[in-house]
Amino acid sequence: MNVLVTGGAGYIGSHALVALIEANYDVVVLDNLINGSAEAVMRVEKITQRKIPFYEGDIRDSNFLNSIFKNHDIDVVVHFAGLKSVGNSVKNPIEYFDFNVNGTISLVKGMELAGIYRLVFSSSATVYGDSSIMPLHEDLPTGEPKNPYGRSKLIIEQMLQDLAKSNSRWSIGLLRYFNPVGAHESGLIGESPQGTPNNLLPYVAQVAVRRLPKLAIFGNDYDTIDGTGIRDYIHVMDLVEGHVKAIKKLEKSGGLKIWNLGTGKGYSVLEMVDAFESVSGRNIPYYFQHRREGDVAVCWADVSLAEIELGWRAKRDLLDMVGDTWRWQIQNPEGYR
Ligand code: NAD
Ligand code: WQD
């Protein structure tokens, strides 16, 4: 089975390559390297001892896509390629709709032309909006995402739902990620943010290696155990193993399915900082700042559907997430650069 991995040189995509190869799939990578690194793919080759066909180019380029589909007999596409910075999406909304929404339109058109109808899409818990019901179950109505990035994910979900309804040949999995963190246990691949990280754990990791002086904690007046925000952090290797299970499920069933990928357990910002300090043995200086606009107080997943339908559940715990992040950071203080 041949899997085309769009965005395979990025954070989650590179880890997915490892899981797919370990599950005996042949992978082909497509990435325009706007936020990814060819080095990540080379390191996956080192981990897996396999040569990976890599195509540098853009999913919005239909000739480029068609040539990949001509060269390889692709059975399924796992679609990670897109832009993901919430803050940048507010500054450059059209760019986000172009990369994410137009990118996906171009991809599914190319797939239809090539007769490929199996797709796994990287969605996000952000599509639930500011729900007061926890945990978040797939049956809950989607909410109003607070930024163009989140809206682009919701629009793509709705578009793919219409597509699946229009033609029963399509078999599509929408995977709603909670907060992916961590790195492959080898420490060879991990998250390598460009510029100052937006997300909590990469920021904390850079404070630990003294690339950044201090962590600003956004709000300590939420209605939570210690006043800081609670999220469902999931180890990236658990997350990508969920993709393998989703592909296997889609091989047997058609239509469109939605699955949450989280752990079902939330941790506060202070709990994450404490865990990082004890694993790394480094002090993480922090201070409290006002709440970040658009943040929800709490967010965690109901993971029962993925457990029942995919036979998948996250195996790695908080110490694995933090420990693997730390190993990656200490071995690669500047990321891939
Ligand atoms: P990433 O930026 O590390 O990876 C995305 C990859 O796609 C990059 O390598 C980038 O170069 C590539 N890319 C972007 N636009 C492209 C285009 N038009 N053509 C070809 N390649 C393109 O991000 P990630 O964290 O690995 O996220 C992967 C996917 O998962 C994204 O769709 C993201 O929105 C989604 N997601 C991520 C998170 C998270 O917290 N990391 C959470 C929920 C959903
Ligand atoms: C986690 C917690 C912050 C940074 C985002 C996107 C979401 C998804 C995952 C892609 C929150 C706090 C953070 C910092 C802090 N991405 N924090 N200081 O906001 O849950 O989700 O990434 O789909 O769409 O919105 O993740 O890691 O930014 O924040 O105090 O410097 O850490 O307030 O409580 P978030 P995060």
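The structure this text deals with has already been given above.
Residues numbered from 1 in each chain as written. Chains lettered and ligands numbered in written order. Predicted model: local features only at pLDDT ≥ 70, side-chain atom pairs only at ≥ 80, totals over all residues. Heavy atoms only, no water.

A.B. asks: Account for the overall build of the chain, with residues named and values stated.
C.D. replies: Of the regular secondary structure elements, the chain holds 11 helices and 14 strands. Rg of the C-alpha trace for the chain: 19 Å, near the compact-globule value of 20 Å for 337 residues, within the 12% margin. The principal-axis extents of the C-alpha atoms in the chain amount to approximately 55 × 45 × 40 Å. Taking all 337 residues of the chain together, the buried fraction comes to 55%. Sequence-distant contacts, at least 24 apart, represent 80% of the contacts inside the chain between residues at least 6 apart. Total accessible area on the chain stands at roughly 14400 Å², and carbon and sulfur atoms take up 48% of it. Taken as two groups, the 34 positive and 40 negative side-chain charges of the chain have centres that lie 2 Å from each other. (Helix = DSSP H or I, 4+ residues; strand = E, 2+ residues; numbered from the N terminus. Rg over C-alpha atoms; globule rule 2.2 N^0.38 Å. Buried < 20%, exposed > 50% of the residue type's maximum accessible area, 1.4 Å probe, protein only. Contact = heavy atoms within 4.5 Å. Areas by Shrake-Rupley, 256 points an atom, 1.4 Å probe, with all protein chains shown as cover. Lys, Arg positive; Asp, Glu negative; His and termini not counted. Charge placed at Lys NZ, Arg CZ, Asp CG, Glu CD.)

A.B. asks: Explain the sheet that holds strand E1 (residues 2-6) to me, and be specific about the residues and the numbers.
C.D. replies: Reading across from one edge, E3-E2-E1-E4-E5-E6-E11 is the order of the 7 strands in this open sheet, with parallel pairing throughout. Looking at strand neighbours, the two that pair on one side only are strand E3 (54-56) and strand E11 (255-261), the edges of this open sheet. Adjacent strand axes in the sheet meet at a mean angle of 20°, parallel and antiparallel pairs treated alike. For strand E6 (residues 171-177) and E11, the ladder comprises 7 bridges, and the chain directions are parallel. Within the sheet, the bridge partner assigned to Leu174 lies in E11 and is Ile258. (Pairing = 2+ DSSP bridges. Axes fitted to C-alpha atoms, helices over the stretch in contact; angles between N-to-C directions.)

A.B. asks: Explain the site of ligand 2 to me, using residue names and the numbers behind them.
C.D. replies: In the neighbourhood of ligand 2, 18 residues make up the surrounding shell, with Tyr149, Leu200, Ala216, Arg231 and Asp295 lying closest. In the environment of ligand 2, an oxygen atom lies 2.8 Å from a nitrogen or oxygen atom belonging to the backbone of Leu200. Contact between ligand 2 and Arg231: an oxygen atom at 2.5 Å from a side-chain N or O atom of the residue. Relative to its free-state accessible area of 690 Å², ligand 2 is covered by the protein chains to the extent of 87%. Among the elements that take part in the shell around ligand 2, strand E8 (residues 215-218) stands out by supplying 4 residues, more than any other. Taken together, the residues that form the shell around ligand 2 break down as 9 nonpolar, 6 polar and 3 charged. (Near = heavy atom within 4 Å. Polar contact = N/O pair within 3.5 Å; in protein donor to acceptor, adjacent residues only side chain to side chain. Nonpolar A, V, L, I, M, F, W, Y, C, P; charged D, E, K, R; others polar.)

A.B. asks: Explain the site of ligand 1 residue by residue, including any values.
C.D. replies: Taken together, the neighbourhood of ligand 1 is formed by 28 residues, with Ile12, Asp31, Asn35, Lys84 and Tyr149 sitting nearest. Between Asp58 and ligand 1, the recorded distance is 3.0 Å, taken from a side-chain N or O atom to a nitrogen atom. Ile59 places a polar main-chain atom, nitrogen or oxygen, 3.1 Å from a nitrogen atom of ligand 1. Those elements that place two or more of their residues in the shell around ligand 1 are helix H1 (11-22), strand E2 (26-31), strand E5 (118-124) and helix H6 (148-166).

A.B. asks: Before we move on, could you go through the packing of aromatic side chains and cite the residues and values that matter?
C.D. replies: Applying the stated criterion across every chain, the model contains 5 aromatic pairs. Note on Trp328 and Tyr336: the rings are 5.1 Å apart at their centroids and 55° apart in plane angle, and the pair reads as tilted. The pair Trp328 / Tyr336 is uniform in exposure class, with both members buried. The ring centre of Tyr128 lies 4.8 Å from the NZ or CZ of Arg176, which sits over that ring. (Phe/Tyr/Trp six-rings, centres within 6.5 Å; stacked < 30°, edge-to-face > 60°. Lys NZ or Arg CZ within 6 Å of the ring centre and 35° of its normal.)

A.B. asks: Can you break down the pattern of salt bridges residue by residue, with the values?
C.D. replies: All chains considered together, the criterion is met by 18 salt bridges. Taking the shortest distance from any N to any O, the salt bridge between Lys257 and Glu309 comes out at 3.2 Å. Placement of the pair is Lys257 in strand E11 and Glu309 in helix H10 (residues 304-310), with a sequence separation of 52 residues. Judged by relative accessible area, which is 27%, Lys257 ranks as partly exposed. Overlapping salt bridges, with partners in common, bring together Asp238, Glu241, Lys315 and Arg316 in one network. (Salt bridge = Lys/Arg side-chain N within 4 Å of Asp/Glu carboxyl O.)

A.B. asks: Can you lay out unusual backbone geometry for me, pointing to particular residues and giving the numbers?
C.D. replies: Following Met134, the chain continues into Pro135 via a peptide bond in cis, with omega recorded as -5°. Within the secondary structure layout, Pro135 lies in the loop between E5 and H6. Phi at Gln49 is positive, roughly 60°, even though this residue is not glycine. Positionally, Gln49 belongs in the loop between helix H2 (38-48) and E3.

A.B. asks: Explain empty space enclosed by the protein to me, using residue names and the numbers behind them.
C.D. replies: Counted by the stated rule, this structure contains 1 cavity of 30 Å³ or more. The space that makes up the largest cavity amounts to roughly 130 Å³. Taken together, 19 residues line the largest cavity, and the ones lying closest to its centre are Glu191, Pro193, Pro202, Trp328 and Gln329. Elements that contribute at least two residues to the lining of the largest cavity include exactly helix H7 (200-208) and helix H11 (318-331). Residue contributions to the lining of the largest cavity peak at 4 residues, all from H7. Among the residues forming the lining of the largest cavity, the class breakdown is 8 nonpolar, 7 polar and 4 charged. (1 Å grid on protein atoms, 1.4 Å probe; cavity = no way out; pocket = protein on both sides within 12 Å on 5 of 7 lines; lining within 4 Å. Points joined across faces, edges and corners; volume = space filled by probe spheres on them.)

A.B. asks: Just give me the short version of H7, but keep the residues and values in it.
C.D. replies: With 9 of 9 residues buried, H7 lies mostly within the body of the structure. Taken as a whole, H7 has its buried residues at Leu200, Leu201, Pro202, Tyr203, Val204, Ala205, Gln206, Val207 and Ala208. Check the buried side of H7 and you find it contacts strand E7 (179-181), E8, strand E10 (233-235), helix H9 (269-280) and H11. Just downstream of H7, Arg210 is the residue with a positive phi angle, here 65°.

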